[in-house]
Amino acid sequence: MTIYVLRRVSGVVPVLILVALGSFLLVHLVPGDPAMVMLGSDATPQQIQSLRTQMGLDRSLPEQFLIWMRQALRGDLGESFFLGRPVTQALMERLPATMQLAMLSLFFSLLIGVPAGILASVRQNSRWDQLVMITAMGGISIPSFWLGLFLILVFSVNLGWLPSGGYVPIWEEFGPGLRVLILPAISLGFMQAALIARMTRSSMLEVLRQDYVRTAKAKGLGWWSVTLRHALKNAMIPVITTIGTAFGVLLGGAVIVEIVFTYPGLGRLVVLAVQRRDYPLVQGALLLTSVIYVAVNLAVDLLYSVFDPRIKYE
Amino acid sequence: MARQRFVVTVVATLLVGIGLPAAAGTAAAGTPVTGGTLRVALTASAPSLDPHSGTHLAIREIGMHIFENLLAFDSKFQVVPQLTERWETSADGKVYTFHLRKGVKFHNGREMTAEDVKASVDRFRAIAPRRNELDDMEKIEVTGPATVRVTLKRVNAAFLAAIANPICQLAILPKEAVEGKPINKADIVGTGPYKFVEWIPDRWVRIVRFPDYKPEGKVDVGGLGGARHAYADEIRFIPVPEPGARVAGLQTGEYDFADFLPTPAMPQLTGDRNLRVARLGPQNYPTVYFNHTGRFKNLKLRQAVQAALNMDEIMQVANDGDGRVDPGFYFKEQVWYTTAGGKLYNQKNPAKAKQLLKEAGYNGERVVFVTNTSYDYMYKAAQVIQEQLKKAGMNVTLGVYDWPGSLAVRKDMTKWDMFTSSHSTRFDPSANDFYFREKTTFFGYKNPKMEALLDKASAAVKFEERYKVYEEVQKLAYEDVALLKLYDHYTWQGYSAKLQGYTPWVMVRLWNVWREK
């Protein structure tokens, strides 16, 4: 197991180098100039050139990449052009906000998605099944920003129950921190809940038809035992994959919801960095997102063996 | 006294007209209350808080509360003292002596001296994007602990306006906060009514009342000058880019103030008795520039575009009709307003345009019109213009980028023919000079007659004389079709009914404002 993990982790290095190169080329090939963004549209070419020199953008692209890589290998992702602080610090400031939002969204999506999927599968073709499937279809189709604005209108503006946006670290003030998280977490989690419900249902349906489930039932085991212990545990492998992907998406793809709810997470940081062509910040953020994806994937792979002891990593 | 002060503010603003509130709710009489936190939703995130670093709106809107200049503009766009007590001009108009106010403290507790002024001006002249406005300055010398002398190479009528200009403001910072500091690296220490505390990007900029603040004079003269008092304990500037979120946050009371509210939300907000709305009419005007080095070198071709455009239609689409069709390069509410050359504006004449295209020898060649989606009114305006020019027989392709992308494309003169942008409220007509001077323009315009006019304007110290020259400048810009003004763009602000003393102006002013308990 340890050897497997080490092998996987070492395999990540070339992936990260490729990501670094890809993100570097991508942000530099898009037209735009951070010096122009900083100085404004009325700056003269000479002023822009002198700021470009200060930012180190007067060097050739390969040279810039090598300098950045050399620093990155030492754990230094450079300094943001605009925020006046190191990229790692800027990312670490945002990561907790994004983490707590992603965790709560995932919690909501599991709380709704897994039971709904089980219900739909054990009551296949019933009204419950139809209700779950129609709602899930809605969850996948409704854009999260629309749902976010709708929730703000209902729960903030009309009912006045929850704030329409903002951010309070949950470890500083638990109550207010949780209150600002609820609406964005639901907007984000609804689509993931729908995906998880659909996956749980189809996976459960497959397992419920297996002989061992019929045997379990024939042995006279209770409904709960058959459904949860025998069927659900074996149906979990594809569901865990979905959950893993969902967590990755929640960590990296919450951009629109963060903007709607004025939530200072990683997604908004990246968007602003792209809009300003803050190259070191964009590269650093993409690298961090890739590391998170890789870590989540590894965790998912390791979890397989918990649910299916036949899977062994050596 | 306070009551009188605010009445003066209101009257001054109403006289000028800019920022005339559309609905009820402007500076109310009453005794100011100290305390509380004002939560202010701004549309944009500041790219920096270093006041010398850029012309971005968010830099100055936050910065004006923290920093001060030697001089400032009042509500009538007249230059008034700020950190200066008085100033003298030599007989030949080339030497200015500024006597600084005594006892003005920086937020770090140290008293401001002439050395700080010199260090700030030196840094501004070395790195600020607006430094070309001080090109005529030969030197600045410290002549006493509270006196500086500035010598100009030649008479420059716009010099005092350049010192007072809040767009990339020539803020005075402590010597140690600016000396040797590259762009974006100054320490955020000023002399203003509020002191910088914290900047968490995308979350807020926090400023708190500076207890040792020494206001200039006793009367609020409106604009950026006069007596400024910090009544709130704290102001939080929160970047809220989504317009729907700004509207919702105002309605739920999460923000005390929000700017750039969407026009369609106005019926909903005006009906809310807890809120006040104010129309900033006008705030800026969108523009179209021609690339004078390419296809549009041909005057007839530029005239064809000028003849074809229907500004009423453009304004309707770009800003839901919220604005004013007017030819002035300076707003009707400003002393520099003129309609010179206005006959050529908003001609709505596609037939004339067709004729001019024929005379220009235009044969359906592709015209690349670069616009951006970061400012949706510019993008919408570009779409309407494309259609209007198509009707006149032009083959226009839109090049759509985000704002930085469009600026990067603009740098390469082979890649564009027309370009959209906008002009924010200009505090002095000289602020537009750089568009028309060959040395500084980005769109390749050159006309010796224009250069001569601008030189004349620079040397004309008397208002009447200067006004006449700038009338001629505007007329020539229309005749030359140097660039196109589209329409006066209005925007909306909203604020809590509990906010007292607020006077809408071209920039957000939260000094002399308090929140009722």
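Structure shown above.
Here is what the cut-offs are and how they apply
Residues numbered from 1 in each chain as written. Chains lettered and ligands numbered in written order. Predicted model: local features only at pLDDT ≥ 70, side-chain atom pairs only at ≥ 80, totals over all residues. Heavy atoms only, no water. Helix = DSSP H or I, 4+ residues; strand = E, 2+ residues; numbered from the N terminus. Buried < 20%, exposed > 50% of the residue type's maximum accessible area, 1.4 Å probe, protein only. Contact = heavy atoms within 4.5 Å. Areas by Shrake-Rupley, 256 points an atom, 1.4 Å probe, with all protein chains shown as cover. Lys, Arg positive; Asp, Glu negative; His and termini not counted. Charge placed at Lys NZ, Arg CZ, Asp CG, Glu CD. Patch = residues over 30% accessible without salt bridge, like charges linked within 9 Å, V, L, I, M, F, W, Y side chains within 5 Å. Salt bridge = Lys/Arg side-chain N within 4 Å of Asp/Glu carboxyl O. Pairing = 2+ DSSP bridges. Axes fitted to C-alpha atoms, helices over the stretch in contact; angles between N-to-C directions. Expected span 1.5 Å × (residues − 1). Arc of directions from axis to C-beta. Polar contact = N/O pair within 3.5 Å; in protein donor to acceptor, adjacent residues only side chain to side chain. Parallel < 35°, antiparallel > 145°, perpendicular 65-115°, else oblique. Nonpolar A, V, L, I, M, F, W, Y, C, P; charged D, E, K, R; others polar. Core = buried A, V, L, I, M, F, W, Y, C linked by side-chain atoms within 4.5 Å. Buried area = accessible area lost by both parts, 1.4 Å probe. Phe/Tyr/Trp six-rings, centres within 6.5 Å; stacked < 30°, edge-to-face > 60°. Lys NZ or Arg CZ within 6 Å of the ring centre and 35° of its normal. Right-handed = clockwise from strand over helix to strand, strands pointing away.

Would you explain the overall build of chain B in this entry?
Each helix and strand counted, chain B has 15 helices and 20 strands in total. Taken along its principal axes, the extent of the C-alpha atoms in chain B is 70 × 60 × 40 Å. Taking all 517 residues of chain B together, 62% fall into the buried category. Intrachain contacts of chain B at a sequence separation of at least 6 include 73% that bridge at least 24 residues. Counting every atom, chain B has about 18500 Å² of accessible surface; 51% of that belongs to carbon and sulfur. Put simply, chain B has 68 plus and 57 minus side-chain charges, and the middle of one group is 1 Å from the middle of the other.

Which parts of the structure should I look at to understand the overall build of chain A?
Across its full length, chain A holds 13 helices and 0 strands. The N-to-C order of helical and strand elements in chain A reads α-α-α-α-α-α-α-α-α-α-α-α-α. When its C-alpha atoms are laid out on the principal axes, chain A stretches across 85 × 55 × 35 Å. Expressed as a percentage of contacts within chain A between residues at least 6 apart in sequence, the contacts between residues at least 24 apart total 74%. When the accessible surface of chain A is totalled, it reaches about 15200 Å², and 68% of it is carbon and sulfur. Of the side-chain charges in chain A, 24 are positive and 17 negative, and the distance between the mean point of each set is 13 Å.

Which parts of the structure should I look at to understand a nonpolar patch on the surface?
Residue and element names in this part refer to chain A. On the surface, Phe145, Trp146, Leu149, Phe150 and Ile256 cluster together into a nonpolar patch covering about 470 Å² of accessible area. With 4 residues, the top contributor of residues to the nonpolar patch is helix 7 (residues 144–158). Tracing the chain through its elements places Phe145 in helix 7. With relative accessibility at 39%, the residue Phe145 sits in the partly exposed group.

Please clarify how the pairing of strand 16 (residues 418–424) of chain B should be interpreted in this entry.
Regular strands have side chains that alternate between both faces of the sheet. Residues and elements named next belong to chain B. Burial analysis of strand 16 places 5 of its 7 residues in the buried class, the great majority of the element. In this sheet, strand 16 lies alongside strand 14 (residues 366–372) in parallel orientation, the contact comprising 2 bridges. Bridge pairing links Phe369 to Met418 in strand 16.

Just checking my understanding: could you explain the sheet that holds strand 4 (residues 84–89) of chain B for this structure?
Strands in a sheet are paired, the pairing made by backbone hydrogen bonds, and the direction either parallel or antiparallel. Residue and element names in this part refer to chain B. In space, the 4 strands of this open sheet follow the order 4-5-7-6, with antiparallel pairing throughout. Two strands close off the open sheet at either side, each with one partner strand: strand 4 and strand 6 (137–144). The average angle at which neighbouring strand axes cross in this sheet is 20°, direction not considered. With 5 bridges joining them, strand 5 (residues 95–100) and strand 7 (residues 147–152) adopt antiparallel strand pairing.

Explain helix 14 (residues 448–459) of chain B to me, please; I cannot follow it from the model alone.
Residues and elements named next belong to chain B. Look at helix 14: 17 Å from first C-alpha to last across 12 residues, which is about the 16 Å you get at 1.5 Å a residue. Along helix 14, the positions that sit buried rather than exposed are Met450, Leu453, Leu454, Ala457 and Ser458. Projection of helix 14 onto a plane perpendicular to its axis shows the buried side chains occupying an angular sector of 140°, all on one side. Residues Pro448 and Lys449 are exposed on helix 14 and point more than 90 degrees away from its buried face. Looking at the buried side of helix 14, the elements it contacts are helix 13 (433–436) and helix 15 (463–480). The N-cap residue of helix 14 is Asn447: its side-chain oxygen and the backbone nitrogen of Lys449 are 2.9 Å apart.

For this particular structure, what's the right way to read the packing of helix 8 (residues 299–308) of chain B against helix 15 of chain B?
What describes two packed helices is the angle between their axes and the distance between those same axes. Residue and element names in this part refer to chain B. The contact between helix 8 and helix 15 brings their axes to 9 Å, and the two run at 100°. As judged from the angle between their axes, helix 8 and helix 15 are roughly perpendicular. Here Leu299, Arg302, Gln303 and Gln306 of helix 8 come into contact with helix 15, specifically with Tyr478, Glu479 and Asp480. Looking at the contact of helix 8 with helix 15 residue by residue, the class counts come to 2 nonpolar, 2 polar and 3 charged.

How do you make sense of the nonpolar core when you look at a structure like this?
A general trend in soluble globular proteins is that nonpolar side chains are found buried together. Residues and elements named next belong to chain B. In this structure, Met394, Met418 and Phe436 are the most contacted members of the largest nonpolar core, which totals 147 residues. Dropping the residues within four chain positions of it, Met394 is found in contact with Phe296, Leu301, Val305, Leu357, Tyr362, Val367 and Leu389. Counting 43 residues, the second largest nonpolar core, distinct from the first, contains Leu100, Leu134, Val150 and Ile172.

Quick question: what am I supposed to make of the interface of chain A and chain B here?
One frequent convention defines the size of an interface as the accessible area lost when the parts assemble. Taken together, the contact between chain A and chain B spans 41 residues of the former and 43 residues of the latter. Where chain A abuts chain B, roughly 3600 Å² becomes buried across the two surfaces, and 55% of that area is made up of carbon and sulfur atoms. In this structure, the connection of chain A to chain B is made through 5 salt bridges. For Asp202(B), the salt bridge identified is with Arg94(A), shortest N-O distance 3.2 Å. Put simply, the parts of the chain that give the side of chain A that touches chain B at least two residues each are helix 2 (34–39), helix 3 (45–55), helix 7, helix 11 (255–260) and helix 12 (266–276) of chain A. Considering each element in turn, the side of chain A that touches chain B owes the most residues, 5 residues, to helix 12 of chain A.

What exactly am I supposed to notice about the packing of aromatic side chains here?
To describe a pair of aromatic rings, you give the distance between the ring centres and the angle between the ring planes. The full count for this structure, using the stated rule, is 40 aromatic pairs over all chains. Their ring planes at 70° and their centres at 6.3 Å tell us that Phe81(A) and Tyr279(A) sit as a pair that is edge-to-face. Pair noted here: Phe81(A) is in the loop between helix 4 (61–73) and helix 5 (87–122) and Tyr279(A) is in helix 13 (residues 279–307), with a separation of 198 residues, a long-range link. Both residues of the pair, Phe81(A) and Tyr279(A), count as buried. Feature note: the residues Tyr289(B), Tyr375(B), Tyr377(B), Trp403(B), Trp416(B), Phe419(B), Phe434(B), Tyr435(B), Phe436(B), Phe442(B), Phe443(B) and Tyr445(B) constitute an aromatic cluster, connected by ring pairs. One residue, Arg228(B), lies across the ring of Trp511(B), its end atom 4.4 Å from the ring centre. Just above the ring of Tyr285(B) sits the side chain of Lys485(B); from NZ or CZ to the centre is 4.7 Å.

Would you mind going over the side chain of Gln169(B) with me for this structure?
Of note, Gln169(B) is situated in the loop between helix 4 (159–164) and helix 5 (175–178). Not counting residues up to four positions away in its chain, the partners in contact with Gln169(B) are Pro51(B), His52(B), Gly63(B), Met64(B), Phe67(B), Glu68(B), Asn69(B), Phe124(B) and Arg130(B).

It is not clear to me how the pairing of strand 15 (residues 395–401) of chain B should be interpreted in this structure. Could you clarify?
Residue and element names in this part refer to chain B. Here 7 bridges tie strand 14 to strand 15, and the two strands are oriented parallel to one another. The residue of strand 15 that forms the bridge with Arg366 is Asn395. Taken together, strand 14, helix 11 (residues 376–391) and strand 15 form a β-α-β motif whose crossover is right-handed.

Can you help me understand the pattern of salt bridges in this one?
With the rule as written, the count across this model stands at 47 salt bridges over all chains. One salt bridge in this structure joins Arg52(A) and Asp33(A), with 3.1 Å as the shortest N-O distance. Of this pair, Arg52(A) sits in helix 3 while Asp33(A) sits in the loop between helix 1 (2–29) and helix 2, and the two are 19 residues apart along the sequence. Among the residues examined, Asp33(A) registers a relative accessible area of 1% and is labelled buried. Residue Glu179(B) is joined to Lys175(B) by a salt bridge in which the shortest nitrogen-to-oxygen separation is 3.9 Å. A relative accessible area of 28% places Lys175(B) in the partly exposed class. Linked by salt bridges that have partners in common, Glu198(B), Arg206(B), Glu234(B) and Arg236(B) make up one network.

What should I look at first to understand helix 11 of chain B in this one?
In an α-helix, one turn spans 3.6 residues, which is why side chains three or four residues apart end up on the same side. Between its first and last C-alpha atoms helix 11 of chain B spans 23 Å; for 16 residues at 1.5 Å apiece the expected length is 22 Å, and the two agree. Residues of helix 11 of chain B that are buried: Tyr377(B), Met378(B), Ala381(B), Ala382(B), Val384(B), Ile385(B), Gln386(B), Gln388(B) and Leu389(B).

Please explain the environment of Trp146(A) as it appears in this structure.
Residue and element names in this part refer to chain A. As for its position among the elements, Trp146 is in helix 7. On the basis of relative accessible area, Trp146 is assigned to the partly exposed category, the value being 46%. Spatially, the C-alpha atoms of Trp146 and Gly75 are 39 Å apart, while their sequence positions differ by 71 residues.

How should I be thinking about the environment of Ala44(B) in this particular structure?
All names here are of chain B. As for its placement among the helices and strands, Ala44 is situated in the loop between strand 1 (37–42) and helix 2 (57–66). With a relative accessible area of 26%, Ala44 lands in the partly exposed category. Setting aside residues no more than four positions away along its own chain, Ala44 makes contact with His56, Ala58 and Pro239.

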